[in-house]
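Residues per chain are reported as follows:
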2 protein chains.
Amino acid sequence: MLRERGLRLTAQRQLVLEAVYDLGHATPDQVHCKVAETAAGVNISTVYRTLELLEDIGLVTHTHLSHGAPTYHAALEEQHVHLVCRGCGRIDEVQPSALDEVSARLKDDRGFQLDVGHVSFFGKCKSCAGG
Amino acid sequence: MLRERGLRLTAQRQLVLEAVYDLGHATPDQVHCKVAETAAGVNISTVYRTLELLEDIGLVTHTHLSHGAPTYHAALEEQHVHLVCRGCGRIDEVQPSALDEVSARLKDDRGFQLDVGHVSFFGKCKSCAGG
DNA sequence: ATCCTTGCAAATCATTTGCATGATT
DNA sequence: AATCATGCAAATGATTTGCAAGGAT
């Protein structure tokens, strides 16, 4: 996919991509740490650049969770809606189909085309809400 | 409300609160600019501290929109769901009741208690999607 | 008079950028 | 060999913090 665009295949790019797929959800910093386990010398700015690149190509996507830290995840895996717990910080996922109705209504009423893959819901998970 | 907590009522705090209510949705920086129109000397760090304080007290809330910038808004006004357009950046709002079904299902299926006031949907607005 | 708040400046954290070196095609 | 990509360091932008001076109660 890189070569199709005249771009080069480098070890760093492979590592960043693998890290994102391994970690599931990760901030640029977390990706950097993961990559560093294998290749300690990889610079954080390379991670940023690579994440941006991989997102352009369509191999990863990102969402904004809690305090604004972007978290990246694989784009080729099934899309999902994030459930972020304000109590313990845990991130759960649900099927995007859970939003089908809302999505349809937004489109009909407002013409708003919802990007289902980037939805994050905040709240309290079972254990934190249960009290 | 401040006095109930043994806190003091200051001009800065009033100004920040008014700014948030006036602006509707605003980043800390925008609040700072608004406040500066009246009192130029107010420091940005005071704005941050005050926003945090007002949020503690329950007078304002914040959500994370697009690139992670927190936007604050009045907590006493009716809650709403944000529709953020990736094309033009416009922010629209819809009734939280639009999420009633989803909210109920999340609670039943997962025990997840959705914080409806903090939901932001990303996508394309009518004009940007229409093409 | 007390002690909470502010302003200021410096510290911190996240992210971006310029540029020379090094790697991939 | 020709470019593209990386590492490094410095720049930038957002947010936080320590501390002394000022203000509300």
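Quantities reported herein were computed from a predicted structural model and do not represent experimental measurements.

**Student:** Let's hear about the packing of helix α2 (residues 28-38) of chain A against helix α3 (residues 44-57) of chain A: which residues, and what values?
**Tutor:** The relative placement of two packed helices is expressed as an angle between their axes plus a distance between the axes. All names here are of chain A. Close contact between α2 and α3 brings their axes to 9 Å; oriented N to C, the two are set at 115°. Considering how the two elements wind past one another, α2 and α3 form a crossing that is right-handed. Counting all contacts with α2, which are made through P28, D29, V31 and H32, the residues of α3 involved are I44, V47, Y48 and L51. Looking at the contact of α2 with α3 residue by residue, the classes come out as six nonpolar, one polar and one charged.

**Student:** Describe in detail the protein's contact with DNA strand D, supporting the description with residues and values.
**Tutor:** Taken together, 18 residues sit near DNA strand D, with R8(A), R13(A), T46(A), R8(B) and Y48(B) positioned nearest. Atoms of DNA strand D within 4 Å of the protein belong to the sugar or the phosphate in 63% of instances, the rest to bases. R8(A) is positioned with one of its side-chain polar atoms (N or O) 2.7 Å from a base oxygen of DNA strand D. Residue Q12(A) places a side-chain N or O atom 2.9 Å away from a sugar or linking oxygen belonging to DNA strand D. Put simply, the parts of the chain that give the surface near DNA strand D at least two residues each are α1 (11-23) and α3 of chain A together with α3 (44-57) of chain B.

**Student:** Tell me about the relation of the copies chain A and chain B, and please be specific about residues and values.
**Tutor:** Least-squares fitting of chain A to chain B yields an RMSD of 0.2 Å, with the superposition described by an axial translation of 0.0 Å and a rotation of 179°. Overall, the copies show the geometry of a two-fold rotation axis. Of all interface residues in chain A, 100% are interface residues in chain B too; the two copies therefore contact each other through one and the same surface.

About the cut-offs
- Residues numbered from 1 in each chain as written.
- Chains lettered and ligands numbered in written order.
- Predicted model: local features only at pLDDT ≥ 70, side-chain atom pairs only at ≥ 80, totals over all residues.
- Heavy atoms only, no water.
- Axes fitted to C-alpha atoms, helices over the stretch in contact; angles between N-to-C directions.
- Helix = DSSP H or I, 4+ residues; strand = E, 2+ residues; numbered from the N terminus.
- Left-handed = near helix turned anticlockwise from the far one by under 90°.
- Contact = heavy atoms within 4.5 Å.
- Nonpolar A, V, L, I, M, F, W, Y, C, P; charged D, E, K, R; others polar.
- Near = heavy atom within 4 Å.
- Polar contact = N/O pair within 3.5 Å; in protein donor to acceptor, adjacent residues only side chain to side chain.
- Least-squares fit on C-alpha atoms with pLDDT ≥ 70 in both.

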